[in-house]
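An overview of the molecular structure
Okay, here's what each chain looks like letter by letter:
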Amino acid sequence: MISSFFNIFNNKCYYFDNNATTLIYDKEVYNIVNDWLSCANPSNTLHLQGQEANNQLEKCRQIVADDLGVEYNEIYFTGSATEANNIIIQGIINKSLEKNNNITIITSVFEHPSVLNIFKKYENNYNINVVYIPLDLNTNSNNYGSVDVSAFIKALNSYNNIALVSIMFANNETGAINNIKLIGQQIRNKNNSQNDIYTFFHCDCTQIIGKHQIKPKELYIDSITFSGHKFHSPKGVGCLYIDNKNNKCPICGICFGGEQEETIRPGTENIAYISALSYSLVNVHKNRKEKNKKLIELKLYLMIELKKINCELIIPKHSLNNTIMFVLPPLKICNRQFCNIISKKYGICLGTSSACQTNKFSHVLNAMNINEKYKLRIIRLSTSDYTTFDECKYLVDKVKEMIKEYKI
């Protein structure tokens, strides 16, 4: 193992928190970062060093564009998906309010906080109607655990002046995958038939990118966001795609400064991390079908074994191949204590909810209508392409030991 993170226990670390962040295993990523850590400013192309940095920036932009099946001038680099979500969502809202006194914006109840909290910010604005789409909670439905598409279609047809729809592709806690293509088609149909404003469709793709290759134009998505650290790239770099219809960007900037990234995200670009992101994105999508087959096999094994030790599973009908949310049997300790102890004692890293809101109950659990008595017993585990069967077996064995030790 490369990272010093793995040497905490002077032996192997068993990492099952990949939806929070992935670790860097590929030495080439380290080399790329080191190669570009000390480079000239890509905005200054008067000298050869600046030109070299600028050429690398545009090369990376093309690499990401090719992976997404879009144009290179539709790609913008940011510091994170959270920053990118703020840029696009607030940018669309501000642009729409320039033309309309009253608009409607739509999102779902289980979005990442970097989306949900933006929408909450606008609830007190009298010019904006904020609509939240619930989840399908019918356990017999093929859509269980994902955004209720029928409720979405009803909302889409019930309001005028819908400026923005923001629905995530996959949930970071439950792993639920939404029917984004159907949602996109419905929005496209509305745009083709309506006489009021254009409904812009944004999709937070942070959890899906790396696990599945996404082509936003084929899914009728106007913009997507994601972070490099979800697919074994460094933390601190993100990406924003905006469909550049008629060669015109449809947003008002919320950041001001220089002309970098077409003024959408001013500030000197982080060439080292952008280079690592573009390399990691291509690398993670190599042999993706085979990698996903392995993830499915590990997931099925873990589900079967966790059930054997009396853990209840909370698995949406359509979910990420790497994600399992399960409920511990009644113990003397809560889930946060469980994660802390199993980490110190056995070197196992697990999560309880979104890494962005660890000090309170997850809004996703509320949206899923999870029984109150379960909330202090829920564990989230998420594997990666580098997770092995032996690591999964070790996890199950140690969870079993913990349950036995702390059983009421």
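This text gives an overview of the structure that appears in the document. Throughout this document, residue positions are counted from 1 along each chain, in the order its sequence is written. With the structure being a predicted model, the display of local features is reserved for residues of pLDDT at least 70 and the display and counting of side-chain atom pairs for 80 or more, all residues being used for whole-chain, interface and lining totals. As a rule here, side-chain values come from all non-hydrogen atoms in the structure, and water together with hydrogens is ignored.

Things to note about the overall build of the chain
- When its secondary structure is counted, the chain shows 11 helices and 12 strands.
- In this treatment the radius of gyration is a C-alpha quantity, and the globule benchmark scales as 2.2 Å times the residue count to the 0.38 power. On C-alpha atoms alone, the chain measures out to a radius of gyration of 22 Å, which is about the 22 Å that the 2.2 N^0.38 rule sets for 408 residues.
- C-alpha atoms of the chain, sized along the principal axes, occupy 60 × 55 × 35 Å.
- Three exposure classes are used, based on accessible area relative to the maximum for each residue type with a 1.4 Å probe and protein chains only: buried under 20%, partly exposed in between, and exposed over 50%. Taking all 408 residues of the chain together, 58% fall into the buried category.
- What sets the accessible areas is the Shrake-Rupley method with a 1.4 Å probe; for residues, cover comes only from the shown protein chains. Within the structure as shown, the chain displays about 18100 Å² of accessible surface, and the carbon and sulfur contribution to it stands at 47%.
- For the purpose of charge, His is not counted, nor are the chain termini; Lys and Arg are scored as positive and Asp and Glu as negative. For the purpose of locating charges, the reference atoms are NZ of Lys, CZ of Arg, CG of Asp and CD of Glu. Of the side chains in the chain, 44 bear a positive and 37 a negative charge, and the two mean positions are spaced by 8 Å. For helices the rule is a DSSP run of H or I covering at least 4 residues; for strands it is a run of E covering at least 2, with both sets numbered from the N terminus onward.

Structural notes on the sheet that holds strand E12 (residues 378-382)
- Strand pairing is defined by DSSP finding a minimum of two bridges between the two strands. Taken in spatial order, the 3 strands line up as E9-E10-E12 in an open sheet, and their pairing is antiparallel. Among the strands making up the open sheet, the edge pair consists of strand E9 (312-314) and E12. Averaged over neighbouring strand pairs, the angle between their axes works out to 30° when direction is ignored.
- Note: strand E10 (residues 323-327) against E12, 5 bridges, orientation antiparallel. Counted as the bridge partner of Met-325 is Arg-380 from E12. Note on geometry: axes are C-alpha line fits, over the in-contact stretch for helices, and angles between N-to-C directions span 0 to 180 degrees.

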